[in-house]
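Reading the structure
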Amino acid sequence: MRSERPTKKGKMIWKRLRVGFRLASQRFKKKARRALIRLARLRAMLWQWLYGARYTYLLWQKRHGPLAMAILLLALISISAFWIPALQGILEPCFSTEARLALLRSLLLAVGGPLIGAAAIVSSLVLFAMQVNIERMPHGLFRRLSADRRLLSAFAATFLFAVAITGLSLVLEPKRVGVVVFAAFWATAIILGLFLYGYCRALILVNPVRQLGMIVQRTQRELRAWARRAERADPLLSDGSRPLQTDPYSPQHDLARTKYFQVNRGWTDGAQQSVRYSVSFARRYAEQGDHEVSAVAMNAIIRINASYVDAKGKTFFANQLIFDNPLTTDDFINNTLEHLRQTARIAIKRGDEQQIEQTLQAMAELVRVYLAIDYASPHASKTHAHLAAGYLTADVERLLPHNMPDVLMEGVRLMGQCADMLLAVQGPQGITALVQKIGIISCAGVARKDFRPVTSTGVEQLACLSFELLRTKSRKVQFAARDIRSSMKLIAKLFMALPDAPLMSVHSTYLAPYYSVTSAQGLAARLSQLVNAVADAPADDVNAQQVIANLGEWADGMYQTEKDLLLHAIEKRSQFTSDMIHWITAVTSMLIAVSNTSPCDEHRQQELRKHAAWLIAVLSWVPDDEETVKFVENFQMTEILFEAAVDAHKYGCPKLGNDIGNMLLSWTFKAGRHQTGWAILERGVYALVTLTLLGDESISEAWLKAEISARMTAGGLPSKELRDDAALEIRGRAASVFQADHWSSSTIENSMAQADSAKLRPLLEEIADLISPETKGEVASHWPF
């Protein structure tokens, strides 16, 4: 026994050592892993710093490289000039005799003469290379680039330096040897550098991208010069008195600058010539398949127009409703847009989709540029931006006869972007024309199957515009919202003329961006996020109050369009009916939710609830024939009405809850009289009874029993067999056990399971007796009791 004790003790010690070693090993591995992670992060940060430093250096070199090189060269020459006395002391003993000086003169002549010839040869080769590229550029631009001052100055300097090296042989004396050698050395080095500079400059001049950059820079300098001249001439064209600021909304144009530009009508000639050069580049290189250069050319046109807008300042005039102002027309803008229109037409004729897209994108960017025009009046119409948008719309419409769905989709997308920009700058009144055109073009998917993605894109743009109306700070959004709904109504009705499939609904798929409540990118999802943001806002939040006001105007008259679309979808037996029903109830719920938020005042609350009541009332227009009832109940009409009533109860809207309860009761009787297989009568009774137990006074037990009794007396359920079967089923359900943890896919069933069974059971039995007094006390045979 004594010999076993040390053995057990040793085992325990060994076991503890192994556990300690394992724990130490794990701690070491964790520390090593953390160290490796820190090292990897440090290495990654170092690489990122190196990449940033390299990018900064390259950017600085691109901007200041030539100037830095010139400064460095002057610094080297200046520093090396201090060594001239030492160089003189070394070389003077070596060239003390005339024979030695003759050798140095011969060297200078041997170096200077060939350099003169080299300068002439290099100049000829570079100019020849420029002439070879004449087919790649317009004639006027070729003349401008061939006379490039930097290139010609470099060649002239090369020639002069070569002559200077040769001329140094004439002034060579023993006491000047150091200066002559110093000058000859640096002259030769500078000549080599000028050869390299001339070569690089020639590459720049024949590079179309660099050519376009030089065109833009030259035009910008010219326009800035004209703007400065107009400012300097201001005292000569004005009397120096300031206009009286009696009306802050009256136009405050720069009349002196306007007069100056009218006197100097040719001030835009250079800019118009640059636009023509850019258009020529775009067309030529697009024909050759080099769309990268054509894209740069389009960007050059945009930059030139932006500079023109800045230079002209407050000399633009907008359209007026009564008077026709001749100063409204701008020749430069008209010519630019006309050039782009012709380019798009040529590209369409050639079938060049890339150039068409580039041209349309350039027009859309010009809309952005022209929106920045200062018309010297806060309420002036964005005339020239609308003009550019009109050109864009016309070119997109011109694509309809051609089989280019991708280009057409891009065009519709750009139209939506332009409408969004106009909405942000001018307000809802600025998007009317574009909304109508987007709606018309989106109907192309009805005529051609290949164009159906165009319809989806158009619906998506209209949905985005409808959402942006809620966030705009402008007033009177109801008219723009009505235009959007009209366009959607046109698209939906025409699209529902196409055959639909139950599983893959064509109508629902392509109209989903606007009406789908299940799509994460749909309008309903974005509205839900906005409603949540408004609900979280404080009571004095100005932006939330603006959204609520816009929402009230946005929902005004919505019921008319939704009713027409719902009835049309039911008539066509389209699966889009489900989207419309869920869309109506979802918007109704959002309107009620917003009406209960803190920023919503009493007036807005009544307005929103009124719109919600009108909108949910659309569901009461569903026809009551048997086929329609079967079709609509496929989309759980009874469940949806019950959920809408529950939402009204949850948000404290008793009047609206009562209205929805009446609708549910009406649907229960008019749809429940048909044998559809959906047990509408029974489920409707369950829903109504459950609503009475929610604690809301809008639907009471007495009211429910009185309404059911009155409808039964009026012959609401003519089929005795249907009444008896429904009553037996209701009594069986009343006698069943309800559990709180019961779950079902039916909202009505789940709510019944959460209700007080002690109150629910007798109420169900009373209503069953009202429906079928003859079967009082009886239950259906399939119930297990």
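Further up the page is the structure itself.
Residues numbered from 1 in each chain as written. Predicted model: local features only at pLDDT ≥ 70, side-chain atom pairs only at ≥ 80, totals over all residues. Heavy atoms only, no water.

What follows is about the overall build of the protein chain. Helix and strand counts for the protein chain come out as 33 helices and zero strands. At 42 Å, the protein chain has a C-alpha radius of gyration far larger than the 28 Å of a compact globule built from 785 residues. Each principal axis of the C-alpha distribution contributes one length, and for the protein chain these read about 145 × 120 × 55 Å. Burial status across the protein chain gives 46% buried among its 785 residues. Excluding contacts between residues fewer than 6 apart, the proportion of contacts in the protein chain whose partners are at least 24 apart in sequence is 78%. With the model as given, the accessible surface of the protein chain reaches about 41300 Å², and the carbon-plus-sulfur share is 57%. Across the protein chain, the 90 positively charged side chains and the 74 negatively charged ones have centroids separated by 15 Å. (Helix = DSSP H or I, 4+ residues; strand = E, 2+ residues; numbered from the N terminus. Rg over C-alpha atoms; globule rule 2.2 N^0.38 Å. Buried < 20%, exposed > 50% of the residue type's maximum accessible area, 1.4 Å probe, protein only. Contact = heavy atoms within 4.5 Å. Areas by Shrake-Rupley, 256 points an atom, 1.4 Å probe, with all protein chains shown as cover. Lys, Arg positive; Asp, Glu negative; His and termini not counted. Charge placed at Lys NZ, Arg CZ, Asp CG, Glu CD.)

Within the structure shown, the criterion is met by 17 aromatic pairs. Consider the rings of Phe 631 and Phe 635, whose centres lie 5.2 Å apart with planes at 90°: the pair is edge-to-face. The buried category is assigned to Phe 631, whose relative accessible area is 10%. Chaining the aromatic ring pairs together yields one cluster made of Trp 226, Tyr 260, Phe 261, Trp 267, Tyr 308, Phe 316, Phe 332 and Tyr 375. (Phe/Tyr/Trp six-rings, centres within 6.5 Å; stacked < 30°, edge-to-face > 60°.)

The next point concerns the pattern of salt bridges. Under the criterion given, the structure shown has 26 salt bridges. Across the pair Arg 526 and Glu 468 runs a salt bridge, and its minimum N-O distance is 3.9 Å. A residue pair is termed long-range when its members are at least 10 positions apart, and Arg 526 in helix H21 (residues 523-536) and Glu 468 in helix H18 (residues 452-471) qualify at 58 residues. Here the salt bridges share partners, and the residues they tie into one network are Glu 231, Asp 254 and Arg 257. (Salt bridge = Lys/Arg side-chain N within 4 Å of Asp/Glu carboxyl O.)

For the rest of this paragraph, the subject is the nonpolar core. Counting 179 residues, the largest nonpolar core has Tyr 370, Trp 554 and Trp 583 as the members making the most contacts within it. In contact with Trp 583, not counting residues within four places along its chain, are Tyr 514, Tyr 515, Val 517, Leu 523, Ala 524, Leu 527, Trp 554 and Glu 562. Counting residues in each nonpolar core, the second largest holds 10 residues, with Phe 95, Leu 104, Leu 108 and Leu 172 among its members. (Core = buried A, V, L, I, M, F, W, Y, C linked by side-chain atoms within 4.5 Å.)

Excluding glycine, most residues fall at negative phi; most peptide bonds, likewise, are trans. The phi dihedral of Lys 476 is positive, around 60°, even though this residue is not glycine. Note on placement: Lys 476 falls in the loop between H18 and helix H19 (478-495). We note that Ala 679 has phi near 50°; this positive angle belongs to a residue other than glycine. The residue Ala 679 is located in the loop between helix H28 (654-672) and helix H29 (680-692) in this model.

The subject of this paragraph is the environment of Arg 276. If you trace the backbone, Arg 276 turns up in helix H10 (residues 269-287). In sequence terms Arg 276 and Asn 335 are 59 residues apart; their C-alpha atoms lie 9.2 Å from each other.

On to the packing of helix H11 (residues 291-312) against helix H12 (residues 331-350). In a pair of packed helices, the angle between the axes and the distance between the axes together describe the arrangement. Put simply, H11 and H12 touch, their axes get as near as 11 Å, and they point 165° apart. Judged by the inter-axis angle, H11 sits roughly antiparallel to H12. The crossing of H11 and H12 is left-handed. Mapping the contact onto sequence places Met 298, Ile 301, Ile 304, Asn 305 and Tyr 308 in H11 and Phe 332, Ile 333, Thr 336, Leu 340 and Thr 343 in H12. Residue composition of the contact of H11 with H12, grouped by class: seven nonpolar, three polar and no charged. (Axes fitted to C-alpha atoms, helices over the stretch in contact; angles between N-to-C directions. Parallel < 35°, antiparallel > 145°, perpendicular 65-115°, else oblique. Left-handed = near helix turned anticlockwise from the far one by under 90°. Nonpolar A, V, L, I, M, F, W, Y, C, P; charged D, E, K, R; others polar.)

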